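Coordinates in review
So the chains spell out like this:
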Amino acid sequence: MTIPDYTTLTATALAAKIDSGSVSPTEAVDASIARSKAVVAGSEGLNIMLWTDNDLARRDAAALADGMKRAGKGGRLAGVPLAVKDNIATLGLPTTCASKILAGYVSPYEATAITRLREEGAIVIGKTNMDEFAMGSSTENSSYGPTRNPLDVRLVPGGSSGGSAAAVAAGIVPVALGSETGGSVRQPAAFCGVVGVKPTYGRVSRFGLVAFASSLDQIGSFGRNVDDAALVTEIMAGVDPKDSTSSSARVGSYRDQYLSLASSPMPLDGVTIGVPKEYFPENLDPGIRSLCERSVDVLKSLGAKVVDVELPHTSLAIPVYYIVAPAEASSNLARFDGVRYGMRAAASSLREMYAETRSIGFGPEVTRRILLGTYVLSAGYYDAYYKKAQSVRELITRDFRNVFGGGVDALFTPTTPTTAFAIGAIADPYEMYLSDIFTATANLAGVPAMSLPIGRVGGLPVGGQIIAKHFDEATMFRVAYALESALGGEAHQ
Amino acid sequence: MAVTQDDVRHVAELARLAVDENRLDHLVAELNGILQHMDVLSQADTSTVDSLMNVPVDSTPLRSDSSGPLLMATPRESFAPSMKDGLFIVPRLASHEDASDSAP
Amino acid sequence: MTGKYEMVVGLEVHVQLKTRSKAFCGCSTSFGDTPNINTCPICLALPGALPVLNEKAVELATRAALALGCNLHPVSIFARKNYFYPDLPKGYQISQFDQPLATKGSVKIDVGDGERSIGVTRVHMEEDAGKSLHDRYPGATAIDLNRAGVPLIEIVSEPDMRSSKEAGAYLRTLRQILQYLGVSDVSMEEGSLRVDANVSARPVGQKELGTKTEVKNMNSFSGVERALEYEFTRQSGMLDRGEKISQQTLLWDANKGEARVSRTKEGSHDYRYFPEPDLLPLILHPEWLNAIKASVPELPADRKTRFKDEYKLGPEDIDKLTATPAIADYFESTARDSQNPKAAANWVMGEGQAALNISRKSFDEFPVRPADLAQLIKLIGDGLLSHAAGKQVFAMMVETGKPAAQIAHDSGLLQVGDDSALDGWIDEVLMEHPDEGKRYFAGEKKLQGVLVGFVMKKSSGKADPKKVNQLLASRAGAG
Ligand SMILES: [Mg+2]
Ligand SMILES: [Zn+2]
């Protein structure tokens, strides 16, 4: 039998059906595969999935079914199809970061986050398209062509995790994994009208996430609603002995907290939400502004105390980000040299092998950032650029510390300055960088942040961003869940 | 600070990237275009911080010496571009003297 | 002509730490295994892999830094040293840079003209690179990454050495200290100790340093000394000719006995150091540091002084007997058990060392245990074994590992000292040699030796010659 409402079913609902036996893992996987075929067959083709192995997915489903028979129950994601960004190491499927330089590379080990999700019954159904090495905000920088926005194929889905956002928006999977360095989950979530979460830096293990900028990278989750995204975050969260930067701070049950308040008319009673004026500039799209104002009113109506706050160094986030991230990237991407794995260009000398492999293997944006990052680290420029940027980064972090120290529990802002733009519309690199203007700050400060749909402008989704204290995902989800519930259908109108 | 052609050549050399001469001007312009936006940082007053001098609280976690190796699902040959007798093979270096560079 | 100039040397010594697993992954550090067998996603730098620091490596590095009298920094930071090389998998080396583990230590050396203190600028932790085999396949370089990620400490000295002899003394002293600490195998042959030298020449009396060159690729301490002499002579010649010395790296060729300029372009070394974001700072807590301090064993210098006071040994003997912790420990237990340090020293340096030179073993793996050697020394001291017989017994102990007394008894080498047996032999000898007997008792005392000889012969060496002499003398006195 098929699952009629598969494309709208949440992960928690699907897992419940599978756990109760009314749906089998194989049926869930087949439904996902069918939907995947359907959207690819669309006139334009969305180009969401880079790598799939249907037989492998079906084998995993069968194995899970056997396991459930023996155990008498499934995990919290029993049989839930999961789409994974192509920069997260998976067994049996390629992990190429949408780059030619890793063409055909299959990781011999698995990311910790994947292991934890599979232990709860999730089934990896494929690897999703992305900006090469997560460098981009539109998924146009993929060596396998751009992904198209399922809501309007002329538009980008955002990026760099555009494939995963689109996979959820297109109904291929209820939940998906992306990665964040400067907004690569929240921005595409906003553009595709889904929920996207960037946990606190150190909350989710980076082991198996191909590094772009190690001090900023975090694996994040996409869901059709807050609850699903929170569940996936909760499962991935927690210290990992394989990642020295993962935190041993305890992980509470995010879901228990907001679900216990679900019936309350004032679920945000006692919560103070700050609205930073720097995130509402003059030139902000009026439609986005009014949707944010509506959400703020809703938050008040839910019992939240709303206050105006200042994050004075916000405007410096993009300059800081585009020094720190490329600097770390220039070093992280040095390992792609054609010696031990991945692509190798034919060459007669070692020098030629390096230069040819890396010039052919990396696309223009990656090349640009490696050059930029190498420059800001090179002798004579380190202090003026990298060191200075790290100091300003500390100022940005203090902005948040001051606001949260002053009794504010969470911040509410727009996720992006615009809605999804047309494929090919933005040519200037720096103009493209500015689409991370409201998101990069959370990565620089390491605080948790998420985007959820708060309405539409011109038929296109708009994301509202909620930012919380370090390791206070619980409050972030509490606010998001309450807002989502209160907005109801309006979130998608 | 404006990036020059020589800067780009030097940086490309350091990063082992081949940039052909006729794209050099374009790259110089592009990098300068980006870097000009970074100059605002020089005006930021960071006298109160030196992020690299922050006194850290947690030490980097330590691993037991007897923790075994991480196993691999597939052999090295499955992903290596070129292997012989278990060794990774690369084109011969211009001179082994460069080998001295490998001494850490 | 080089008398006009003074050599100024600073040394950078890389030492492999004796850990079971690598610095940042669980792979084995064992030497000489099948190529690349000891590699994993982390030391192969596979996409997504991350480093986690080895506790033992920190412990050994700290112990070494403490023994060199360094200040240990409560906070040290790992950085990335970025450069491309096929045996450097990540494209960067994780190494401590501007905030190293320890600074400001010293090593005391003595090249005959009294003790000198050589400054240790810093001790920092880093990881080793792999091996590039350039001559294995034509036109290709083969990469073995078994060594990649093995923990190292780099010990950087001040430019305090003024001759190749001092450099040699510094290196030998340093190696001995590290050996005593048990932090490394310190074998230049196996590459667990490597030396780079910075050398410059300046006119005698001149304060400021001349331009230095770096000499690499030496594979023995004597090689280092020769390389330094070679380079110093070259620089002195240039100074004489008024030529300008350029800062460069030279590679020592032990076979040709010359140093060639490395063809790697200068300035191509822009390592773009920045703090390693995959690791947090390393924090040494005081309690932990004290525990390590307590675990630092007695160092060569202290042991030498103690051997002098406790065992009253001469300087040459002390140097020999403290050369390695193994020989020093062996000597000490033997001396204690036998309560005869002098004899113990002679046996250890003599027969013992000789036997080991043949078997190419070290004292800690010597079949003859100190207690057994002590027993042998006692047997000789008590006159139950002649020194000659003792040497035979020792040889058999080396072969069989059996205790001295047993061997001495089974082989019948124990000396006979009871009068009745000796008198019996003396009577027989006097009967067989009546002429010598008469002349002896008539007063020809010099014949006593001859008669004793006959007795020893008759007893096939078992008779105690001291006693035989006494008995003959007393008979002569009586007669
Ligand atoms: Mg070094
Ligand atoms: Zn390893």
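This text goes with the structure placed above it.
Before going into details, it helps to say that this report is about the structure given with it. Residue numbers restart at each chain and count upward from 1, following the sequence in its written direction. To label them, take the chains in the order written and letter them from A, then take the ligands in the order written and number them from 1. Side-chain atom pairs in this predicted model are given and counted only at pLDDT of 80 or more, local residue features only at pLDDT of at least 70, and totals for whole chains, interfaces and linings cover all residues. The basis for the side-chain values is all heavy atoms of the structure; hydrogens and waters are excluded.

**A short note on the coordination of the magnesium ion (ligand 1)**
Residues and elements named next belong to chain C. The test is simple: Nitrogen, oxygen and sulfur within 2.8 Å of a metal are treated as its donors, or within 3.2 Å for sodium, potassium and calcium (Na, K, Ca); water is not counted, so a site can appear incomplete. Runs of E in the DSSP output that reach at least two residues are strands. Runs of H or I that reach at least four are helices, and both are numbered from the N terminus. Exposure classes here rest on a 1.4 Å probe applied to the protein chains alone. A residue is buried below 20% of its type maximum, exposed above 50%, and partly exposed in between.
The coordination sphere of the magnesium ion (ligand 1) contains the protein donors His 14 (NE2), Glu 126 (OE) and Glu 154 (OE), at a distance range of 2.0 to 2.4 Å. Sequence spacing of the donors to the magnesium ion (ligand 1): H-x111-E-x27-E. Of this pair, His 14 sits in strand 1 (residues 5-16) while Glu 154 sits in strand 11 (residues 151-157), and the two are 140 residues apart along the sequence. Pair check on accessibility: His 14 and Glu 154 agree, each one buried.

**Concerning the packing of helix 2 (residues 164-181) of chain C against helix 3 (residues 221-240) of chain C**
All names here are of chain C. To be explicit about the condition: Working convention: axes come from line fits to C-alpha atoms, limited for helices to the stretch in contact. Angles between N-to-C directions cover 0 to 180 degrees. Roughly parallel means an angle under 35 degrees; roughly antiparallel means over 145; roughly perpendicular covers 65 to 115; every other angle is labelled oblique. For a crossing to be left-handed, the near helix must be turned anticlockwise from the far one by less than a right angle; the clockwise case is right-handed. Residues are treated as being in contact if the distance between any of their heavy atoms lies within 4.5 Å. Residues are grouped as follows: Ala, Val, Leu, Ile, Met, Phe, Trp, Tyr, Cys and Pro are nonpolar; Asp, Glu, Lys and Arg are charged; all remaining types, including Gly, are polar.
Contact geometry for helix 2 and helix 3: axes closest at 9 Å, N-to-C directions at 155°. Our classification of the angle between helix 2 and helix 3 gives roughly antiparallel. Where helix 2 crosses over helix 3, the two elements pack in a sense that is right-handed. Contacts between helix 2 and helix 3 involve Ser 164, Lys 165, Ala 167, Gly 168, Leu 171, Arg 172 and Arg 175 from the former and Phe 221, Ser 222, Val 224, Glu 225, Leu 228 and Glu 229 from the latter. Within the contact of helix 2 with helix 3, the residues separate by chemical class into five nonpolar, three polar and five charged.

**With respect to the coordination of the zinc ion (ligand 2)**
All names here are of chain C. Note the cut-off: Under the classification used here, a metal with four donors is tetrahedral if each angle lies between 85 and 135 degrees, square planar if opposite donors are over 155 degrees apart and the others between 65 and 115, a six-donor metal meeting that same test is octahedral, and anything else is irregular.
In this structure, Cys 25 (SG), Cys 27 (SG), Cys 40 (SG) and Cys 43 (SG) serve as the protein donors to the zinc ion (ligand 2), at separations of 2.3 to 2.4 Å. Here the zinc ion (ligand 2) is ringed by four donor atoms whose angles at the metal span 99 to 115°, and the overall shape comes out tetrahedral. When the donors of the zinc ion (ligand 2) are listed by position in the chain, the intervening gaps give C-x1-C-x12-C-x2-C. In this pair, Cys 27 is assigned in the loop between strand 1 and strand 2 (53-54) and Cys 40 in the loop between strand 1 and strand 2, connecting sequence segments 13 residues apart. Relative accessible area serves as the criterion here: at 0%, Cys 40 is assigned to the buried category.

**Some details on the interface of chain A and chain C**
The line we're drawing: Summed over both partners, buried area is the accessible surface (1.4 Å probe) that two parts give up on being assembled. Should a side-chain nitrogen of Lys or Arg be within 4 Å of a carboxyl oxygen of Asp or Glu, the pair is scored as a salt bridge. Whenever two N or O atoms come within 3.5 Å, that pair is a polar contact, provided that in protein one can donate a hydrogen and the other can accept it, and provided that, for residues adjacent in sequence, both atoms are side-chain atoms.
Between chain A and chain C, the contact holds 38 residues from the first and 31 residues from the second. Buried area between chain A and chain C, summed over both chains or domains, comes out near 2700 Å², and the portion from carbon and sulfur atoms is 59%. By the criterion of area lost to chain C, the three top residues of chain A are Ser 244, Arg 335 and Arg 340 of chain A, representing 22% of everything that side buries. Counting across the interface, chain A meets chain C through one salt bridge. Between chain A and chain C we count 17 residue pairs in polar contact (both at pLDDT 80 or more) in total.

**Observations concerning the sheet that holds strand 2 (residues 81-85) of chain A**
Residues and elements named next belong to chain A. Stated formally: When DSSP finds at least two bridges between two strands, those strands are taken to pair.
Taken together, the eleven strands give an open sheet; going across it, the order is 1-3-2-4-6-5-10-11-9-7-8, and neighbouring strands pair in mixed fashion. A single partner strand is all that each edge strand has here, and the edge strands are strand 1 (49-51) and strand 8 (305-309). Averaged over all pairs of adjacent strands, the angle between strand axes in this sheet comes to 30°, irrespective of strand direction.

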